[in-house]
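Chain and residue survey
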Amino acid sequence: MNRFKRILAFGLAVALTGTLAVGCSGGSGASSGSNDTAQDSGAAGGKLVMATNATFPPYEYVEGGEYEGIDVEIAGKLAEKLGRELEIQDVEFDSIIGGVQSGKYDMGMAGMTVTEERKQSVNFSDTYATGIQSIIVPEGSAIATVDDLSSDTRIGVQQGTTGDIYATDDYGEDAVTAYKNGADAVQALVTGKIDCVIIDNEPAKSFAAANDGLVILDTSYAEEDYAICISKDNEELLTQINDALSELKSDGTIDSIIEKYIPSEG
Ligand code: ARG
C-alpha cells in the first residue's frame with residue numbers, strides 16, 4: 001500500500017524534469033497555446049481556463065480541429081452559468097494537477113478520478129460521472145479475467161492515470177509500461193508489444209471499436225468517480241462549480257450530455 005509515496009515521488013519527478021504542459025492532441029490547431037495564467041482571469045466575466053488531456057473519448061477528444069466530448073460540453077455549461085468564457089488547454093494528463101495547484105489553470109476536467117492521494121494536492125468538486133477501469137486484450141488472449149494478470153503480464157497504461165498507479169502497485173513497475181496516451185497503449189497492444197491495456201471503460205470501448213481484434217474483459221479492475229479538480233486556494237470557485245453542477249444535475253442537463261455520448265442500452 002505505497003500508493004501515497006508513489007504519487008508524491010511521481011509528482012516530484014514531473015516537477016523536477018519540467019515535462020509540463022506539452023500539448024499532445026492528435027488534432028491540429030485545437031490547442032490554444034496561450035501562456036496566460038488563470039489567476040489573472042478569475043473575475044466574473046474573465047476566462048475559465050480548463051486543463052484537459054483530449055485523448056480520451058468520449059470525455060474529451062479532438063475532432064475536425066474542435067474539442068468534443070462529455071467534459072467539454074459540461075464545462076461549456078459550467079462556464080455559461082459562471083458568466084465566464086471557457087478556454088481549453090490540452091496538456092499531458094499528469095501535468096493537470098500540478099498546473100491547477102500552481103494557478104496556471106482554474107480547473108482540471110479530464111475524466112479525472114477522485115483519489116485520496118490527489119485530494120492531498122487539490123480539491124475535487126462533487127462527482128458528475130462514474131468510471132470503471134477495464135482491461136482490453138486481443139481476441140483469443142489467455143487473459144480471461146483480472147485474476148489472470150500477474151507480475152509477468154506486460155500491461156500498458158496511460159502515464160499518471162489510476163490505471164497506471166493501481167497496476168504498478170499490484171503487479172510492480174516492471175510489469176507496467178506507461179504510454180503518453182491511451183491510443184499509444186492500444187497501438188502497442190495491436191502490434192503485440194504488450195498483453196493488455198488497463199484504461200477507463202468508455203475510452204476502452206471507443207478504442208476497441210476503432211481497432212479490429214480487441215475485446216474488453218467482463219470483469220472490471222476498479223470502479224471510480226470522476227470530478228473536477230480545483231486549487232485548494234480557490235474555495236470560491238469550488239462553491240460556484242458545485243452550485244452550477246447541482247443545477248445542471250437537477251435540470252437533467254448532465255444526464256442528457258452523458259446520454260448523447262454514451263447511449264444507454266435498452
Ligand atoms: N480516470 C483516470 C484517472 O483519473 C484516467 C483519466 C485520463 N483522462 C484523460 N483525459 N486522458 O487517472
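A quick note: this is a predicted structure, and the numbers were derived from the prediction, not measured. (Residues numbered from 1 in each chain as written. Predicted model: local features only at pLDDT ≥ 70, side-chain atom pairs only at ≥ 80, totals over all residues. Heavy atoms only, no water.)

Points about the packing of aromatic side chains
On inspection of all chains with the given rule, the structure shows 3 aromatic pairs. Between Tyr-59 and Tyr-226 the ring centres are 5.1 Å apart and the planes differ by 85°, which places this aromatic pair in the edge-to-face class. Within this pair, whereas Tyr-59 is found in the loop between strand S2 (55-56) and strand S3 (60-63), its partner Tyr-226 is found in strand S13 (residues 222-226), the two being separated by 167 residues in sequence. Judged by centre distance (6.4 Å) and plane angle (25°), the rings of Tyr-171 and Tyr-221 are stacked. You can see Tyr-171 sitting in helix H5 (residues 162-171) and its partner Tyr-221 sitting in the loop between strand S12 (214-216) and S13, a full 50 residues away along the chain. Comparing Tyr-171 with Tyr-221 shows no difference in burial state: the two are buried. (Phe/Tyr/Trp six-rings, centres within 6.5 Å; stacked < 30°, edge-to-face > 60°. Helix = DSSP H or I, 4+ residues; strand = E, 2+ residues; numbered from the N terminus. Buried < 20%, exposed > 50% of the residue type's maximum accessible area, 1.4 Å probe, protein only.)

Brief notes about the site of the ligand
Around the ligand sit 15 residues in total, of which Ala-110, Thr-113, Arg-118, Thr-162 and Asp-200 are the nearest. Within the contact set of the ligand, a nitrogen atom lies 2.8 Å away from a backbone nitrogen or oxygen of Gly-111. Measuring from a nitrogen atom of the ligand, one finds a side-chain N or O atom of Thr-113 at 2.8 Å. For the ligand, whose unbound accessible area comes to 350 Å², protein coverage reaches 100%. The pocket occupied by the ligand, as judged from atoms lying within 2 Å of grid points, is the largest cavity. Its residues assigned to classes, the shell around the ligand comprises 5 nonpolar, 6 polar and 4 charged. (Near = heavy atom within 4 Å. Polar contact = N/O pair within 3.5 Å; in protein donor to acceptor, adjacent residues only side chain to side chain. Areas by Shrake-Rupley, 256 points an atom, 1.4 Å probe, with all protein chains shown as cover. 1 Å grid on protein atoms, 1.4 Å probe; cavity = no way out; pocket = protein on both sides within 12 Å on 5 of 7 lines; lining within 4 Å. Sits in = over half its atoms within 2 Å of the grid points. Nonpolar A, V, L, I, M, F, W, Y, C, P; charged D, E, K, R; others polar.)

Some details on the confidence of the model for the chain
Should the pLDDT be low somewhere, the predicted coordinates at that spot are not to be read in detail. Summarising the model, the chain shows a mean pLDDT of 87, and 82% of its residues fall at 70 or more. When the criterion is pLDDT under 50, residues 1-36 qualifies, and its contacts beyond four places in sequence or with other chains add up to 52 contacts. (pLDDT = per-residue confidence, 0-100. Contact = heavy atoms within 4.5 Å.)

Here we look at helix H2 (residues 70-82)
Helix length check: H2 (13 residues) gives 18 Å between terminal C-alpha atoms against 18 Å at 1.5 Å per residue, within 8%. Downstream of H2 by a residue or two, Gly-83 has a phi angle that is positive, lying close to 65°. (Expected span 1.5 Å × (residues − 1).)

So, the sheet that holds S2
The strand order S2-S3-S4 describes an open sheet built from 3 strands, whose pairing is antiparallel. Only two strands of the sheet have a single neighbouring strand rather than two, namely S2 and strand S4 (66-68). Sheet topology places S3 next to S4; 3 bridges connect them, and they run antiparallel. Residue pairing in the sheet places Glu-63 in a bridge with Glu-66 of S4. (Pairing = 2+ DSSP bridges.)

Thoughts on the pattern of salt bridges
Evaluated as defined, the whole model comprises 8 salt bridges. We note a salt bridge from Glu-202 to Lys-205, for which the minimum N-O separation is 2.9 Å. Within this pair, Glu-202 and its partner Lys-205 are both found in helix H7 (residues 201-210), separated by 3 residues, close to a single helical turn. Glu-202 sits in the buried class, given a relative accessible area of 15%. (Salt bridge = Lys/Arg side-chain N within 4 Å of Asp/Glu carboxyl O.)

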